[in-house]
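# Structural features, examined
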Amino acid sequence: MCGIVGYVGQQKAASIIVEALRRLEYRGYDSAGVAVLQDGGIAFAKKAGRVEVMAKVAAQRHFTGTTGIGHTRWATHGGVTDANAHPHISSDGKFALIHNGVIENYSQIKKFLLTKGYTFLSETDTEVLCNLVAYHYAKEIADNNGHNRLLESVRKALRHVEGTYGIAVLCVDFPGEMVAARKASPLILGVGDGEYLLASDASALISRTRNVVYLKDGELVHVTTANFSIITLDQADVSPVVDRITWSIADAELNGYGTFMEKEIFEQPQALENTMRGRFAEDGSTAQFGGLNLSAAEFRQVDRLAFCACGTAWHACLVAEHLIERFARLPVEVDYASEFRYRNSPLDRRTLFFVMSQSGETIDTLGALREAKRTGYRVLAINNVVGSSIAREADGGIYQHVGPEIGVASTKAFTSQLLLGAMVALYLGRLRDMSFNDGVQYVEALKGVPDLVRQILKGAPHIQAVAKRYAKATDFLFLGRLSLFPIALEGALKLKEISYIHAEGYPAAEIKHGPIALITDKCPSVFLVPKGEIFNKIVSSMQEIKARKGPVIAIATEGSELPPGLADEVIRIPDCHEAVLPIVASIPVQLLSYYIALERGCDVDKPRNLAKSVTVE
Ligand code: F6R
């Protein structure tokens, strides 16, 4: 949600931090701030609004300090105001702190601190934590127990905190030092050339270093200009592991595209190739995965699967359910991660548990993973971000390998999740009763997906023209059946999140049970129309809409003969294997939403109220 940056080195910190915040802005964009240690105090700038608004203020203040922190906010506690923006400064003026997460017991702590004379300028839980650090620091001086007082006061404060946090703290008495800590909120330390950077996301630090340490929950890092050390909340020393980021700065840049969403839609052929690379068996009849940590014999013991995810990733799980049940004949249950955690659902002993998450940091999905593990299940993760919390805590998993996804609305990560769901269905199917020949055909179909996607992307101008004609609608229905029902849900989600048009996804036959009441000539329906056994049924649903003067947009496979005049607009997709149809159908749905949002003048990369990677419950 929020983005966090820290810098300790020899350069002027503020400009490096502002540049990193620009790269992190997709994580939260309602306010931003920067603070540096200089002239024995804390100099800072913070403003409601986008990073650029704050950057202008910061530029006028000519910050010179070489140690600093910065933040982009997605509001949880308190409205979007300058006062609520981070960094927060303790009322004694000694500490600056940035925070991602929620301090659940902040009101009790605040009451206590008020009795001790601390004062507050904002409505945030973060300012409470900042003053709690100051309180422990004052006590620490009195205790004088020989530890680093900055580190100790942060550690002690955190022991009283309930909730989640990724924080970075500066203290005027420790120029050239910073302490950071995390619990259920990502934090990465970049180890640069004579400098250290801290960030909630690798894209913020990759321009300065690719060597990183992924901090774990319950760890605190103490950074100085010369070195860094990590301890746990219980003061145990941690030996750091330095990893190397495999993607490059170019992957996190627009490279000539107008928006990240457009770039990510158009780079899907390559992304899908990367997802598949090296993942087919030599005999060409099945998939293979390196990191599942489960043998074929163990997979044979599985008689049920459970999937948990949120949002778009949840839609990908619904498609996986369809394909696994269809091709591997195994029952699958899909749950919203946020519901699963609190639902006390009975899971069978031989259930294999999957979570899906692009970011690997979504707190609800992480919570579902932990809940499943707590009850003794083996949990596998389908995840894009290497080193993420979910990747680290799962028992095994499959990386998506699509590079950084920066557009807030998920596109390439979604189709890659669809692809991996199809590959898992193939793998499980071939362990059960799918024939060699069927397996070979399936593999060939998957290998052909990138070209099918390329073909559809060539038709983008036609989809843009359709989008222009319907961009003023206030309601939309997206309708599909079987494996395309989740794509209808995804279409509705994509459209509403980036264009703010009310949209709903339904199984096409369900419209007559309620949603048809919405139909007027102002409410278009997007139908996903594959050839095959349900074609005639979908055509009947289209007739029902047409009879009520509802505009009909058909996304139909080539060769399907729609009755003349039934659809107002037809967008063609190639006829293809059932396992790849959801991927192929997703592309026009993404483009339609994208061009409608563009036509309405919306900021597609940073839609209102949203943020990438939801790290609060
Ligand atoms: C919508 C979107 C969100 C995410 C959801 C889960 O376009 O991106 O619905 O899919 O927040 O995120 P991850 O996959 O990171 O767990």
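So, how was this worked out
Each chain has its residues counted from 1, running along the sequence as written. Residue-level local features of this predicted model are given only where pLDDT is at least 70; pairs of side-chain atoms are given and counted only at 80 or more, and the full residue set underlies all totals for whole chains, interfaces and linings. The side-chain numbers reported here are obtained from all heavy atoms of the structure, hydrogens and water having been left aside. Helix and strand assignments follow DSSP, with helices taken as H or I runs no shorter than four residues and strands as E runs no shorter than two, numbered in order from the N terminus. Throughout, radius of gyration means the C-alpha value; the globule benchmark is 2.2 Å times the number of residues raised to the power 0.38. Relative accessible area decides the class of each residue, using a 1.4 Å probe on protein chains only: under 20% of the type maximum gives buried, over 50% gives exposed, and in between gives partly exposed. The contact definition used throughout considers only heavy atoms, calling two residues in contact when any of these lie within 4.5 Å. A pair of strands counts as paired when DSSP detects no fewer than two bridges linking them. Inter-axis angles, ranging from 0 to 180 degrees, are taken between N-to-C directions of lines fitted to C-alpha atoms, where helices are fitted over the stretch in contact. By convention in these notes, a residue is near a molecule or strand provided one of its non-hydrogen atoms lies within 4 Å of it. Under the rule applied, a polar contact is a pair of N or O atoms within 3.5 Å (in protein, one hydrogen donor and one hydrogen acceptor; residues adjacent in sequence only if both atoms are side-chain atoms). Only the protein chains shown count as cover for residues, with accessible areas throughout obtained via the Shrake-Rupley method and a probe of 1.4 Å. When residues are grouped by polarity, Ala, Val, Leu, Ile, Met, Phe, Trp, Tyr, Cys and Pro land in nonpolar, Asp, Glu, Lys and Arg in charged, and all others, Gly among them, in polar. In what follows, roughly perpendicular refers to angles from 65 to 115 degrees, roughly parallel to angles under 35, roughly antiparallel to angles over 145, and oblique to any angle outside these ranges. Salt bridge, as used here, is a side-chain nitrogen of Lys or Arg placed within 4 Å of a carboxyl oxygen of Asp or Glu. Assignment of crossover handedness uses the view with strands pointing away from the viewer, where a clockwise path from the first strand over the helix to the second indicates a right-handed crossover.

Here we take up the overall build of the protein chain. Across its full length, the protein chain holds 19 helices and 25 strands. Whereas a compact globule of 617 residues would reach a radius of gyration of roughly 25 Å, the protein chain reaches 26 Å, a difference of no more than 12%. With the C-alpha coordinates aligned to their principal axes, the bounding extent of the protein chain is approximately 80 × 55 × 40 Å. Within the protein chain, the proportion of its 617 residues that are buried is 61%. Here the contacts in the protein chain between residues at least 6 apart in sequence split such that 70% fall between residues at least 24 apart.

Right, let's talk about the environment of Gly194 for a bit. Considering the arrangement of structural elements, one finds Gly194 in the loop between strand S9 (188-191) and strand S10 (196-199). Classification of Gly194 by relative accessible area gives partly exposed; the value is 42%. Distance from Gly194 to Ser229, taken between C-alpha atoms, is 15 Å for residues 35 residues apart in sequence. Sequence-distant contacts of Gly194, defined by excluding residues within four places in its chain, comprise Gly9 and Gln10.

Attention shifts here to the sheet that holds strand S21 (residues 475-480). Judged by pairing direction, the sheet is parallel, and its five strands sit side by side in the order S22-S21-S23-S24-S25 without closing on themselves. The open sheet has two edge strands with one neighbour each: strand S22 (502-507) and strand S25 (569-573). Here the strands of the sheet are splayed against their neighbours by 15° on average, with no regard to which way each runs. Pairing geometry for S21 and S22, over six bridges, is parallel. If you follow Phe476 over to S22, its bridge partner there is Ala503. Against the sheet, helix H16 (residues 460-470) engages S21, strand S24 (552-557) and S25, with an angle of about 150° to S25. Where helix H18 (residues 535-546) meets the sheet, it contacts strand S23 (525-529) and S24, and its direction lies at approximately 165° from that of S23.

Right, let's talk about the site of the ligand for a bit. Around the ligand, the surrounding shell holds 13 residues, and the nearest of these are Ser357, Gln358, Ser359, Thr362 and Glu497. A distance of 3.1 Å separates an oxygen atom of the ligand from a polar backbone atom of Thr312. Contact distances for the ligand include 2.5 Å between an oxygen atom and a side-chain N or O atom of Glu497. Coverage of the ligand by the protein chains reaches 87% of its 410 Å² of free accessible surface. Only helix H9 (311-328) and helix H17 (485-499) provide two or more residues apiece to the shell around the ligand. Broken down by element, the residue count for the shell around the ligand peaks at three residues, all from H9. For the shell around the ligand, the residue count by class is four nonpolar, seven polar and two charged.

Structurally, His401 can be placed in the loop between strand S20 (396-399) and helix H13 (412-431). When its relative accessible area of 39% is taken as the criterion, His401 is described as partly exposed. Sequence separation between His401 and Arg277 is 124 residues; the distance between their C-alpha atoms is 9.2 Å.

At a minimum axis separation of 10 Å, helix H1 (residues 13-24) and helix H2 (residues 51-60) run at an interaxial angle of 175°. Viewed along their axes, H1 and H2 adopt a mutual orientation that is roughly antiparallel. Residues Val18, Leu21 and Arg22 of H1 lie in contact with H2, whose contacting residues are Val51, Glu52, Met54 and Ala55. Grouping the amino acids of the contact of H1 with H2 by side-chain chemistry returns five nonpolar, no polar and two charged.

Glancing now at the pattern of salt bridges. Applying the stated criterion across every chain yields a total of 33 salt bridges. Across the salt bridge formed by Lys494 and Glu490, the nearest N and O atoms sit 2.7 Å from each other. With Lys494 and Glu490 both in helix H17, this residue pair falls four residues apart, about one helical turn. Residue Lys494 is classed as buried on the basis of its relative accessible area of 0%. A salt bridge links Asp575 to Lys531, with the shortest nitrogen-to-oxygen separation between them at 3.1 Å. With a gap of 44 residues between them, Asp575 in the loop between S25 and helix H19 (581-599) and Lys531 in the loop between S23 and H18 connect regions that are remote in the sequence. Judged by its relative accessible area of 40%, Lys531 falls in the partly exposed class. Shared partners join several salt bridges into a network, and the residues in it are Glu19, Arg22, Arg23, Glu52 and Glu253.

A word on the pairing of strand S19 (residues 379-383). S19 sits mainly inside the fold: five of its five residues count as buried. Along S19, one buried face is formed by Val379, Ala381 and Asn383 and the opposite face, lined by Leu380 and Ile382, is buried too. The pairing of strand S18 (residues 351-357) with S19 spans five bridges and is parallel. Bridging across to S19, Phe354 finds its partner in Leu380. Each parallel crossover has a hand, and for S18 linked through helix H11 (residues 363-374) to S19 it is right-handed. Relative to S20, S19 runs parallel, the two being bridged by four bridges. Looking at the pairing, Leu380 lines up with Gly396 of S20.

The next point concerns unusual backbone geometry. A cis amide bond, omega 0°, links His86 with the succeeding residue Pro87. Note on placement: Pro87 falls in the loop between strand S4 (67-73) and strand S5 (88-89). Of note in the backbone geometry, Ala184 takes a positive phi value of approximately 60° without being a glycine. On the secondary structure map, Ala184 appears in the loop between strand S8 (177-183) and S9. You can call Ala184 buried: its relative accessible area is 5%.

What follows concerns the sheet that holds S9. Sheet architecture is open: eight strands sit in the order S3-S2-S4-S1-S10-S9-S11-S15, paired in antiparallel fashion. Of all strands in the sheet, those bounded by a partner on one side alone are strand S3 (41-48) and strand S15 (243-244). Alignment of strand S1 (residues 3-8) against S10, held across four bridges, turns out to be antiparallel. Following the sheet pairing, Val8 is matched in S10 by Tyr196.

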